[in-house]
Amino acid sequence: MTPNPYLWLIPILPLAGAAINGFFGRQSSKKAISAIALTFCGGAFLLALWIAIGFSSASAPYYFDLAHWLRSGDLRADFSFYLDQLSLVMMLVVTGVGFLIHIYSVGYMWDDDGYYRFMAYLNLFMFFMLTLVLAKNYLMMFIGWEGVGLASYLLIGFWFTKDSAAAAGKKAFIVNRVGDFGFLIALFLMIQRYGTLDFPALFAKIQPLAPETAGAGILTAIGLLLMVGACGKSAQIPLYVWLPDAMEGPTPVSALIHAATMVTAGVYMVARSHVIFERAPTALTVVAIIGTLTALFAATIGIAQTDIKKVLAYSTVSQLGYMFMACGVGAFSAGIFHLMTHAFFKGLLFLAAGSVIHGVGGEQDMRKMGGLRLYMPWTFSVMGIATLAIAGIPPLAGFWSKDEILAQAFNTSWVYWLIGVVTAFITSFYMFRLMYMTFGGDYRGASAHDAHDAHAHAHDSHGHGHGEPHESPWVMLGPLVVLALLSLLGGFVGWGNHFEHFLDPVFKAAAEPGMQEPAREAGGKALEYILMAISVSVAALGWLLAHLLYSSRPQLPARIAESLGGLYKAVANKYYVDELYALLFVKPLIDGSTTILWHGVDQGVIDAAVNDSADAARHVSDEVRHMQSGNLRSYAGWIAAGGALVIAYMVWMGVR
Amino acid sequence: MVPISYYLVLSGILFVCGVLGFLIKRNIITIFMSIELMLNGVNLSFVAFAAQWHSLSGQVFVFFVMVVAAAEAAVGLAIIIAVYRTRETLNVDQVNLLKL
């Protein structure tokens, strides 16, 4: 390990930006605010790049101990940073995509009154996310973990005067609390059993241990609890419900926090803890099952959404499920690879969606869009690239990582693979559905037609009058183009398993011998190509189906929805999960709090005690205050009576 | 020699007269004089005991009391004048601003 004294600057720079803009932004001009936010975020990016260029496996990993923090008995948790191949990838993704989204936000949020607040929050988020990624121990990671939760809450509720935004912020925060509780218990178990939270020291202690078999054990418990935490942060079943609501936040936030970086923290955490998970097969299986189910479940919901951002939100949940599936089958590097490519194309999708929303004047309902390819050619083409990438069409980024995951999954069990392929098909379908509804056909904004109304392809005059859609400014399109290039080419780092070999020092060195057989050699090249062909063809099939339903026969979807009846309604209403949670958790909690805690304890005991003692004091004083008449002679009388009483007492007792 | 009980009885009578005057009278001047009466009642018992026990401390005490009474008279009369100027009365029942 080599000390690197610049490491701590990477998270600190955005913090400085957040502090300056947060404290002085109200008085500054928007230009100054943008300059500060971009300088500090860009500075972190350049520094990260510089460190990455100098990074060599020989001297890795880098570390830096900034200061002492907790020293209690044998437990040591310091402010120290750690950079290995895994955190390097995360660091570059976070600073790179983060910087692009900062630039985009300048254009997107320029007219907002809370501009300085927004930029300060974004920088604050960068600080916490980089702390999470660069932490050397679990406690530092937890600081970042909670911090990004805070930033997420602040940004979801950025338009806090809107009730739904404030409620969505609260929901995200509270659901995350459930997960964080699991994470925290896992940390306590580690301290109790191993006495350290430091990654190198902790993993060195766990490494010699044999895998825990089907029963239970401390590692399985830690693994499962960590997964609870990951479920909260990364929006997996059963804690995914906050992410779709989080779309109430401004779109750059959805892109940065709820697609590209923060929600992948759970994947990063599981990958970081791979030493633990590899020795807890039960926990690993749970990770795989949760990931697979979430991927399929969320994808099916995505089919029936009409809000452009909601589609992307469910798509994010689904893609995160893929990443967990990869981790669950032991292919951590494939999971991280997908995390990276997903950051590119999903960040791009959200930003492009933001550009669309910006262009049509705040409308998010896809049924009121359509035909935008003519008005917003740039947005159309970059979003097209992102859609091809997420659908897994070669040679774009998503193809490489998704294919990698599916191949590894097949190696473990064909069930994972099958569900993964079905999900890929659905993904392709709903993404192209989004494209056709948004950019295909004619503009439906001016005349509020229903989504599934038949539209003649002949051009008529509507939509060309006042307030017609327009392309976004270049400050927004620039980052889109960069991300589009990354989505186009980002997958090639996986060529010849370069990416996997790059991460090998992290995942292989610690792996338990015999477990980490490379997947592709097991089945042979032929099988790999067959799997690849299948996943590409289902993607193409999804595209075809979307084209059929939403372009050539636009009256079909309504008819299909009608014939499916209840099933369609269930999907469109997100399987009523929110309602179920409301019934199971929220309502009992509110009722219990109202009757027992509020009316019972608070009003019945606490308020009653306070009010009754105050009442008693008032009644007594009501009587006593008559003595205080203001009449001099009555005072004198009281004094005389008192004196007489004292004398009488002394005489009675016998004076000495 | 006059026995001490005579002095003490007279002192008690003087003091009780002062107390009653203080309680009954409404005029501030009269009340003020009642206070003086009480003080002198006490003074009488001091000097009586001093003579009885041949101790000077009782007499010294009396001088102290007289000095304090003189100072009190100066301040008290000034207050009475001030009260009269603002309230235009010397009736204590009408000087009850301390009441809530």
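Because the structure is predicted, anything quoted here is derived from the model rather than measured.

Moving on to the overall build of chain B. Each helix and strand counted, chain B has 3 helices and 0 strands in total. For chain B, the α and β elements follow one another from N to C terminus as α-α-α. Taken over the C-alpha trace, chain B has a radius of gyration of 17 Å; the compact-globule value for 100 residues is 13 Å, which it surpasses by more than 25%. For chain B, the C-alpha atoms occupy an extent of roughly 50 × 25 × 25 Å along the three principal directions. Scored against the burial criterion, the 100 residues of chain B give a buried share of 10%. Sequence-distant contacts in chain B: of pairs separated by 6 or more residues, those separated by 24 or more amount to 50%.

Within chain A, the regular secondary structure consists of 26 helices and 3 strands. Along the first, second and third principal axes, the C-alpha set of chain A runs to 120 × 70 × 50 Å. By the burial criterion, 50% of the 656 residues in chain A qualify as buried. Restricting the contact set of chain A to residue pairs at least 6 apart, pairs at least 24 apart contribute 81%.

What follows covers helix α1 (residues 9–24) of chain A. Working note: α-helix, 3.6 residues per turn, so residues spaced by three or four point in the same direction. Over its 16 residues, α1(A) extends 22 Å from the first C-alpha to the last, a length consistent with the 22 Å expected when each residue adds 1.5 Å. Of the residues making up α1(A), those classed as buried are A:Ile10, A:Pro11, A:Leu13, A:Pro14, A:Gly17, A:Ala18, A:Ile20 and A:Asn21.

Moving on to the environment of A:Ile426. All names here are of chain A. With respect to the element layout, Ile426 can be found in helix α19 (residues 414–439). Residue classification places Ile426 among the buried positions, given that 23 C-beta atoms sit within 10 Å. Between the C-alpha atom of Ile426 and that of Phe345, which follows or precedes it by 81 residues, the distance is 17 Å.

So, on to the nonpolar core. Grouped together as the largest cluster of nonpolar side chains are 211 residues, with contacts concentrated most on A:Leu348 and A:Ala386. If you tally residues by element for this core, the top one is helix α4 (residues 115–134) of chain A, at 17 residues. A:Leu348 has contacts with A:Val382, A:Ala386, A:Leu480, A:Leu483, A:Ala484 and A:Ser487, leaving out every residue within four places of it along the chain. Of all hydrophobic cores here, the second largest spans 5 residues; its members include B:Val19, B:Phe22, B:Ile31 and B:Phe32.

All right, on to the packing of helix α3 (residues 85–108) of chain A against helix α15 (residues 332–359) of chain A then. Residue and element names in this part refer to chain A. At a minimum axis distance of 10 Å, the contact between α3 and α15 shows a crossing angle of 5°. Taken together, α3 and α15 sit at an angle that is classed as roughly parallel. Mapping the contact onto sequence places Leu86, Val89, Val93, Val97, Ile101, Tyr104 and Tyr108 in α3 and Ile336, Met340, Ala343, Gly347, Leu351, Gly354 and His358 in α15. Tallied by class, residues from the contact of α3 with α15 come to 11 nonpolar, 3 polar and no charged.

Residues and elements named next belong to chain A. Across the sheet, which stays open at both edges, the 3 strands sit in the order β1-β2-β3 with mixed pairing between neighbours. Edge positions in the open sheet fall to β1 (2–3) and β3 (75–83), since each of these has one partner strand only. Alignment of β1 against strand β2 (residues 62–72), held across 2 bridges, turns out to be parallel. Looking at β2, one finds that Thr2 is bridged to Tyr62.

Moving on, we come to α19(A). All names here are of chain A. Between the first and last C-alpha of α19 there are 37 Å, a value that for 26 residues agrees with the 38 Å anticipated at 1.5 Å per step. Counting buried positions over the 26 residues of α19 gives 22, a clear majority of the element. Count one or two residues on from α19 and you reach Gly441, which has phi positive near 65°.

Residues and elements named next belong to chain A. Note on placement: Leu284 falls in helix α13 (residues 281–303). The exposure class of Leu284 is buried, given the 25 C-beta atoms found within 10 Å. On a C-alpha basis, the gap between Leu284 and Ala16 in space is 39 Å, while along the polypeptide they are 268 residues apart. Not counting chain neighbours up to four residues away, the residues in contact with Leu284 comprise Phe277, Gly328 and Gly330.

Glancing now at the packing of α3(A) against α4(A). Residue and element names in this part refer to chain A. With their axes 10 Å apart at the nearest point, α3 and α4 run at an angle of 175° to one another. Classified by the angle their axes make, α3 and α4 are roughly antiparallel. Between α3, through Ser87, Met90, Met91, Val94, Gly98, His102 and Ser105, and α4, the contact on the second element is made entirely by Phe118, Leu122, Met126, Met129, Leu130, Val133 and Leu134. Here the residues of the contact of α3 with α4 are counted per class, giving 10 nonpolar, 4 polar and no charged.

We now examine the pairing of β2(A). Judged from the 8 bridges that link them, β2(A) and β3(A) form a sheet pairing that is antiparallel. Looking across to β3(A), one finds that A:Tyr62 is bridged to A:Leu83.

The subject of this paragraph is unusual backbone geometry. A cis geometry characterises the amide bond from A:Ile237 onward to A:Pro238, with omega recorded as 5°. You will see that A:Tyr575, though not glycine, has its phi angle at about 60°, which is positive. Position of A:Tyr575 relative to the elements: it lies in the loop between α24 (566–572) and α25 (577–624). Residue classification places A:Tyr575 among the partly exposed residues on the basis of 13 C-beta atoms within 10 Å. Its identity is not glycine, yet B:Glu88 carries a phi of approximately 55°, on the positive side.

Time to look at the confidence of the model for chain A. Caution is warranted with low-pLDDT regions, since their predicted coordinates should not be read in detail. Residue and element names in this part refer to chain A. Chain-level pLDDT for chain A is 87 on average; 94% of the residues reach the 70-or-more range. Note on residues 447–466: pLDDT under 50 across the span, and 23 contacts to partners over four residues away in sequence or across chains. Of the regions scoring below 50 in pLDDT, residues 512–520 engages in 15 contacts with residues more than four places distant in sequence or in other chains.

All right, on to the environment of A:Leu150 then. Residues and elements named next belong to chain A. Inspection of the secondary structure assignment puts Leu150 in helix α5 (residues 138–156). Given 15 C-beta atoms within a 10 Å radius, Leu150 is considered partly exposed. C-alpha separation for the pair Leu150 and Leu124, spaced 26 residues apart in sequence, amounts to 9.4 Å.

A few words now on the confidence of the model for chain B. Here chain B averages 90 in pLDDT, while 97% of its residues score no lower than 70. Both confidence scores are given for the complex: pTM 0.78, ipTM 0.79.

Rules and cut-offs
Residues numbered from 1 in each chain as written. Chains lettered and ligands numbered in written order. Predicted model: local features only at pLDDT ≥ 70, side-chain atom pairs only at ≥ 80, totals over all residues. Helix = DSSP H or I, 4+ residues; strand = E, 2+ residues; numbered from the N terminus. Rg over C-alpha atoms; globule rule 2.2 N^0.38 Å. Buried ≥ 20, exposed ≤ 12 C-beta atoms within 10 Å, placed from the backbone. Contact = placed C-beta atoms within 7 Å. Expected span 1.5 Å × (residues − 1). Core = buried A, V, L, I, M, F, W, Y, C linked by C-beta atoms within 7 Å. Axes fitted to C-alpha atoms, helices over the stretch in contact; angles between N-to-C directions. Parallel < 35°, antiparallel > 145°, perpendicular 65-115°, else oblique. Nonpolar A, V, L, I, M, F, W, Y, C, P; charged D, E, K, R; others polar. Pairing = 2+ DSSP bridges. pLDDT = per-residue confidence, 0-100.

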